[in-house]
Amino acid sequence: MSVRYNAAFTALLAAALFGATTPLAKTLLGTMSPFMVAGLFYLGSGVGLAIAITFQRRRRSEKERANESRIQLAEVPWLLGAIAAGGIVGPVLLMFGLSTTPAATSSLLLNLEGVFTAVIAWVVFRENVDAQIFLGMVAIVAGGVALSWQPGAAGVSAGALLVAAACVCWAIDNNLTRKVSTNDAMVIACLKGLIAGSVNLCIAFALGADLPGLVRTAAAMFTGLAGYGVSLVLFVVALRNLGTLSLIHI
(Lines give C-alpha, C1' and ligand atoms only; values in the text may rest on other atoms or scores of the structure.)
Protein backbone atom coordinates (compact mmCIF):
# COMPACT_ATOMS: atom_id res chain seq x y z
CA MET A 1 0.00 0.00 0.00
CA SER A 2 2.89 2.38 0.77
CA VAL A 3 4.16 1.92 -2.80
CA ARG A 4 0.75 2.95 -4.11
CA TYR A 5 0.60 6.03 -1.89
CA ASN A 6 4.13 7.04 -2.92
CA ALA A 7 3.17 6.64 -6.57
CA ALA A 8 0.05 8.73 -6.03
CA PHE A 9 2.12 11.50 -4.42
CA THR A 10 4.58 11.30 -7.31
CA ALA A 11 1.74 11.72 -9.81
CA LEU A 12 0.35 14.73 -7.93
CA LEU A 13 3.77 16.38 -7.84
CA ALA A 14 4.16 15.77 -11.58
CA ALA A 15 0.77 17.38 -12.23
CA ALA A 16 1.64 20.38 -10.04
CA LEU A 17 4.90 21.01 -11.91
CA PHE A 18 3.21 20.66 -15.29
CA GLY A 19 0.30 22.91 -14.31
CA ALA A 20 2.65 25.63 -13.03
CA THR A 21 4.24 25.78 -16.48
CA THR A 22 1.08 27.12 -18.15
CA PRO A 23 1.00 30.65 -16.66
CA LEU A 24 4.75 30.97 -17.24
CA ALA A 25 4.29 29.97 -20.87
CA LYS A 26 1.59 32.62 -21.20
CA THR A 27 4.04 35.36 -20.19
CA LEU A 28 6.69 34.14 -22.65
CA LEU A 29 4.27 34.06 -25.60
CA GLY A 30 4.27 37.83 -25.73
CA THR A 31 7.84 37.85 -27.05
CA MET A 32 8.21 34.40 -28.65
CA SER A 33 6.33 32.34 -31.21
CA PRO A 34 4.45 29.21 -30.02
CA PHE A 35 6.97 26.96 -31.77
CA MET A 36 9.88 28.76 -30.11
CA VAL A 37 8.37 28.47 -26.62
CA ALA A 38 7.55 24.79 -27.09
CA GLY A 39 11.00 24.13 -28.54
CA LEU A 40 12.88 25.85 -25.72
CA PHE A 41 10.73 24.17 -23.08
CA TYR A 42 11.46 20.70 -24.39
CA LEU A 43 15.08 21.36 -25.32
CA GLY A 44 15.69 22.66 -21.80
CA SER A 45 14.11 19.50 -20.48
CA GLY A 46 16.24 17.25 -22.69
CA VAL A 47 19.56 19.05 -22.07
CA GLY A 48 19.01 19.27 -18.32
CA LEU A 49 18.12 15.60 -18.00
CA ALA A 50 21.02 14.58 -20.28
CA ILE A 51 23.42 16.32 -17.88
CA ALA A 52 21.77 14.59 -14.91
CA ILE A 53 22.00 11.19 -16.63
CA THR A 54 25.69 11.74 -17.42
CA PHE A 55 26.53 12.52 -13.78
CA GLN A 56 24.36 9.64 -12.60
CA ARG A 57 26.10 7.09 -14.83
CA ARG A 58 29.57 8.30 -13.88
CA ARG A 59 28.80 7.38 -10.29
CA ARG A 60 27.79 3.83 -11.22
CA SER A 61 30.14 0.90 -11.49
CA GLU A 62 30.85 -0.82 -14.79
CA LYS A 63 28.70 -3.75 -13.68
CA GLU A 64 25.76 -1.46 -12.89
CA ARG A 65 26.11 0.28 -16.26
CA ALA A 66 26.20 -3.08 -18.05
CA ASN A 67 22.99 -4.17 -16.32
CA GLU A 68 21.06 -1.00 -17.22
CA SER A 69 17.81 -1.67 -19.08
CA ARG A 70 17.72 -0.34 -22.63
CA ILE A 71 14.75 0.52 -24.81
CA GLN A 72 14.01 -2.45 -27.04
CA LEU A 73 13.52 -2.17 -30.79
CA ALA A 74 9.88 -3.25 -30.49
CA GLU A 75 9.27 -0.33 -28.08
CA VAL A 76 10.69 2.36 -30.38
CA PRO A 77 7.41 2.93 -32.34
CA TRP A 78 5.55 3.49 -29.05
CA LEU A 79 8.18 5.98 -27.89
CA LEU A 80 8.30 7.85 -31.22
CA GLY A 81 4.50 8.05 -31.24
CA ALA A 82 4.53 9.47 -27.72
CA ILE A 83 7.17 12.04 -28.68
CA ALA A 84 5.27 13.11 -31.81
CA ALA A 85 1.92 13.47 -30.05
CA GLY A 86 2.98 14.78 -26.66
CA GLY A 87 6.29 16.46 -27.42
CA ILE A 88 5.72 18.10 -30.80
CA VAL A 89 2.03 18.53 -31.63
CA GLY A 90 0.55 18.89 -28.13
CA PRO A 91 2.75 21.72 -26.80
CA VAL A 92 2.35 23.80 -29.97
CA LEU A 93 -1.44 23.46 -29.85
CA LEU A 94 -1.33 24.56 -26.21
CA MET A 95 0.82 27.60 -27.01
CA PHE A 96 -1.54 28.68 -29.79
CA GLY A 97 -4.49 28.16 -27.46
CA LEU A 98 -2.79 30.13 -24.68
CA SER A 99 -2.29 33.08 -27.03
CA THR A 100 -6.06 33.74 -26.96
CA THR A 101 -7.13 32.06 -23.70
CA PRO A 102 -6.47 33.21 -20.10
CA ALA A 103 -3.78 31.16 -18.37
CA ALA A 104 -6.04 30.30 -15.42
CA THR A 105 -8.76 28.97 -17.72
CA SER A 106 -6.22 27.01 -19.76
CA SER A 107 -4.73 25.44 -16.61
CA LEU A 108 -8.18 24.22 -15.56
CA LEU A 109 -8.99 22.98 -19.06
CA LEU A 110 -5.87 20.82 -18.93
CA ASN A 111 -7.84 18.53 -16.60
CA LEU A 112 -9.43 17.23 -19.80
CA GLU A 113 -6.19 15.38 -20.41
CA GLY A 114 -7.20 12.88 -17.73
CA VAL A 115 -10.56 12.29 -19.39
CA PHE A 116 -9.09 11.71 -22.84
CA THR A 117 -6.39 9.48 -21.33
CA ALA A 118 -9.05 7.32 -19.68
CA VAL A 119 -11.19 7.15 -22.82
CA ILE A 120 -8.25 6.03 -24.98
CA ALA A 121 -7.14 3.50 -22.36
CA TRP A 122 -10.72 2.19 -22.16
CA VAL A 123 -11.59 2.10 -25.87
CA VAL A 124 -8.24 1.34 -27.51
CA PHE A 125 -6.25 -0.54 -24.86
CA ARG A 126 -9.26 -2.24 -23.20
CA GLU A 127 -8.54 -1.17 -19.64
CA ASN A 128 -11.46 -1.37 -17.22
CA VAL A 129 -13.42 1.76 -16.33
CA ASP A 130 -15.48 1.65 -13.13
CA ALA A 131 -18.37 3.92 -12.12
CA GLN A 132 -16.13 6.23 -10.08
CA ILE A 133 -13.85 6.93 -13.04
CA PHE A 134 -16.81 7.40 -15.39
CA LEU A 135 -18.55 9.90 -13.09
CA GLY A 136 -15.26 11.74 -12.63
CA MET A 137 -14.85 12.04 -16.40
CA VAL A 138 -18.38 13.42 -16.76
CA ALA A 139 -17.70 16.02 -14.06
CA ILE A 140 -14.42 17.11 -15.66
CA VAL A 141 -16.02 17.46 -19.11
CA ALA A 142 -18.90 19.47 -17.67
CA GLY A 143 -16.46 21.77 -15.89
CA GLY A 144 -14.39 22.20 -19.06
CA VAL A 145 -17.44 23.18 -21.09
CA ALA A 146 -18.53 25.65 -18.39
CA LEU A 147 -15.07 27.24 -18.32
CA SER A 148 -14.70 27.60 -22.07
CA TRP A 149 -18.25 28.67 -22.93
CA GLN A 150 -18.54 32.36 -23.78
CA PRO A 151 -21.95 33.95 -23.11
CA GLY A 152 -23.41 35.39 -26.27
CA ALA A 153 -20.95 33.55 -28.49
CA ALA A 154 -21.87 30.82 -30.93
CA GLY A 155 -20.03 28.19 -28.90
CA VAL A 156 -16.72 27.27 -27.33
CA SER A 157 -13.84 29.62 -28.17
CA ALA A 158 -11.17 28.60 -30.67
CA GLY A 159 -8.47 28.97 -28.01
CA ALA A 160 -10.27 26.57 -25.68
CA LEU A 161 -10.63 24.05 -28.52
CA LEU A 162 -6.88 24.24 -29.16
CA VAL A 163 -6.18 23.58 -25.48
CA ALA A 164 -8.58 20.62 -25.60
CA ALA A 165 -6.83 19.32 -28.74
CA ALA A 166 -3.51 19.56 -26.89
CA CYS A 167 -5.06 17.44 -24.13
CA VAL A 168 -5.97 14.80 -26.71
CA CYS A 169 -2.35 14.72 -27.88
CA TRP A 170 -1.08 14.32 -24.32
CA ALA A 171 -3.66 11.60 -23.68
CA ILE A 172 -2.27 9.68 -26.65
CA ASP A 173 1.22 10.35 -25.28
CA ASN A 174 0.24 9.00 -21.83
CA ASN A 175 -1.10 5.74 -23.23
CA LEU A 176 1.86 5.19 -25.54
CA THR A 177 4.34 6.04 -22.78
CA ARG A 178 2.71 3.33 -20.68
CA LYS A 179 4.13 0.83 -23.19
CA VAL A 180 7.71 1.88 -22.43
CA SER A 181 7.33 2.87 -18.75
CA THR A 182 9.39 -0.09 -17.50
CA ASN A 183 12.51 1.61 -18.90
CA ASP A 184 14.53 4.34 -17.21
CA ALA A 185 12.09 7.23 -16.73
CA MET A 186 14.87 9.82 -17.01
CA VAL A 187 16.06 8.42 -20.33
CA ILE A 188 12.52 8.44 -21.75
CA ALA A 189 11.98 12.07 -20.70
CA CYS A 190 15.43 13.07 -21.98
CA LEU A 191 14.85 11.56 -25.43
CA LYS A 192 11.47 13.23 -25.68
CA GLY A 193 12.95 16.58 -24.73
CA LEU A 194 15.88 16.45 -27.12
CA ILE A 195 13.87 15.23 -30.12
CA ALA A 196 10.73 17.32 -29.60
CA GLY A 197 12.70 20.43 -28.68
CA SER A 198 14.92 20.18 -31.75
CA VAL A 199 11.97 19.64 -34.10
CA ASN A 200 9.97 22.57 -32.72
CA LEU A 201 12.98 24.89 -32.81
CA CYS A 202 13.69 23.94 -36.43
CA ILE A 203 10.09 24.75 -37.32
CA ALA A 204 10.33 28.07 -35.46
CA PHE A 205 13.51 29.07 -37.32
CA ALA A 206 12.04 27.92 -40.66
CA LEU A 207 9.07 30.24 -40.04
CA GLY A 208 11.43 33.18 -39.48
CA ALA A 209 11.58 33.31 -35.68
CA ASP A 210 14.71 34.54 -33.94
CA LEU A 211 16.22 33.16 -30.75
CA PRO A 212 15.32 35.48 -27.85
CA GLY A 213 17.86 37.04 -25.53
CA LEU A 214 19.98 34.98 -23.16
CA VAL A 215 17.82 35.68 -20.10
CA ARG A 216 14.53 34.71 -21.78
CA THR A 217 16.11 31.67 -23.40
CA ALA A 218 17.48 30.47 -20.05
CA ALA A 219 14.15 31.17 -18.32
CA ALA A 220 12.24 29.17 -20.93
CA MET A 221 14.66 26.24 -20.82
CA PHE A 222 14.71 26.11 -17.02
CA THR A 223 10.90 26.25 -16.95
CA GLY A 224 10.81 23.37 -19.43
CA LEU A 225 13.25 21.34 -17.34
CA ALA A 226 11.01 21.59 -14.28
CA GLY A 227 7.57 21.59 -15.90
CA TYR A 228 8.17 19.14 -18.75
CA GLY A 229 11.35 17.25 -17.81
CA VAL A 230 11.15 16.54 -14.07
CA SER A 231 7.37 16.36 -14.34
CA LEU A 232 7.56 13.68 -17.04
CA VAL A 233 10.11 11.64 -15.08
CA LEU A 234 7.78 11.65 -12.06
CA PHE A 235 4.79 10.80 -14.26
CA VAL A 236 6.52 7.80 -15.85
CA VAL A 237 7.46 6.48 -12.39
CA ALA A 238 3.84 6.86 -11.24
CA LEU A 239 2.56 5.29 -14.44
CA ARG A 240 4.82 2.28 -13.92
CA ASN A 241 3.40 1.67 -10.43
CA LEU A 242 -0.24 2.65 -10.89
CA GLY A 243 -1.21 2.06 -14.53
CA THR A 244 -3.02 4.48 -16.86
CA LEU A 245 -6.53 4.44 -15.44
CA SER A 246 -5.45 4.34 -11.81
CA LEU A 247 -3.93 7.80 -12.30
CA ILE A 248 -7.40 9.16 -13.10
CA HIS A 249 -8.45 8.46 -9.50
CA ILE A 250 -5.82 10.93 -8.23
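Details of the structure are given in the entry above.
Residues numbered from 1 in each chain as written. Predicted model: local features only at pLDDT ≥ 70, side-chain atom pairs only at ≥ 80, totals over all residues. Heavy atoms only, no water.

### As for the packing of helix α4 (residues 76–98) against helix α8 (residues 158–178)
Right, so step 1: The geometry of α4 relative to α8 is characterised by a closest axis approach of 8 Å and an angle of 165° between their N-to-C directions. Taken as axis vectors, α4 and α8 run roughly antiparallel relative to one another. In this structure, the crossing between α4 and α8 has a hand that is left-handed. Together, W78, G81, A82, A85, G86, V89, G90, P91, L93, L94, F96 and G97 of α4 and G159, L162, V163, A165, A166, C169, W170, I172, D173, L176 and T177 of α8 make up the contact between the two elements.
Right, so step 2: Each residue belonging to the contact of α4 with α8 can be placed in one class, and the counts come to 16 nonpolar, six polar and one charged. (Axes fitted to C-alpha atoms, helices over the stretch in contact; angles between N-to-C directions. Helix = DSSP H or I, 4+ residues; strand = E, 2+ residues; numbered from the N terminus. Parallel < 35°, antiparallel > 145°, perpendicular 65-115°, else oblique. Left-handed = near helix turned anticlockwise from the far one by under 90°. Contact = heavy atoms within 4.5 Å. Nonpolar A, V, L, I, M, F, W, Y, C, P; charged D, E, K, R; others polar.)

### Structural notes on the side chain of E113
Right, so step 1: Relative to the elements of secondary structure, E113 occurs in helix α6 (residues 112–123).
Right, so step 2: Within the local environment of E113, its side chain forms a polar contact with the side chain of N174, the two groups lying 2.8 Å apart.
Right, so step 3: Ignoring anything within four residues of it in the chain, the contact list for E113 reads F18, C167, W170, A171 and N174. (Polar contact = N/O pair within 3.5 Å; in protein donor to acceptor, adjacent residues only side chain to side chain.)

### Let's talk about the packing of aromatic side chains
Right, so step 1: In total, this model carries three aromatic pairs according to the counting rule given.
Right, so step 2: When the ring of Y42 is compared with that of Y228, the centres are 4.7 Å apart and the planes differ by 40°; the resulting orientation is tilted. In this pair, Y42 sits in helix α2 (residues 34–58) while Y228 sits in helix α10 (residues 214–242), placing the two residues 186 residues apart along the sequence. Side by side, Y42 and Y228 carry an identical accessibility label, which is buried.
Right, so step 3: Among the aromatic side chains, those forming a connected cluster through ring pairs are F41, Y42 and Y228.
Right, so step 4: Over the aromatic face of W78 sits the side chain of K179, whose NZ or CZ is 5.3 Å from the ring centroid. (Phe/Tyr/Trp six-rings, centres within 6.5 Å; stacked < 30°, edge-to-face > 60°. Buried < 20%, exposed > 50% of the residue type's maximum accessible area, 1.4 Å probe, protein only. Lys NZ or Arg CZ within 6 Å of the ring centre and 35° of its normal.)

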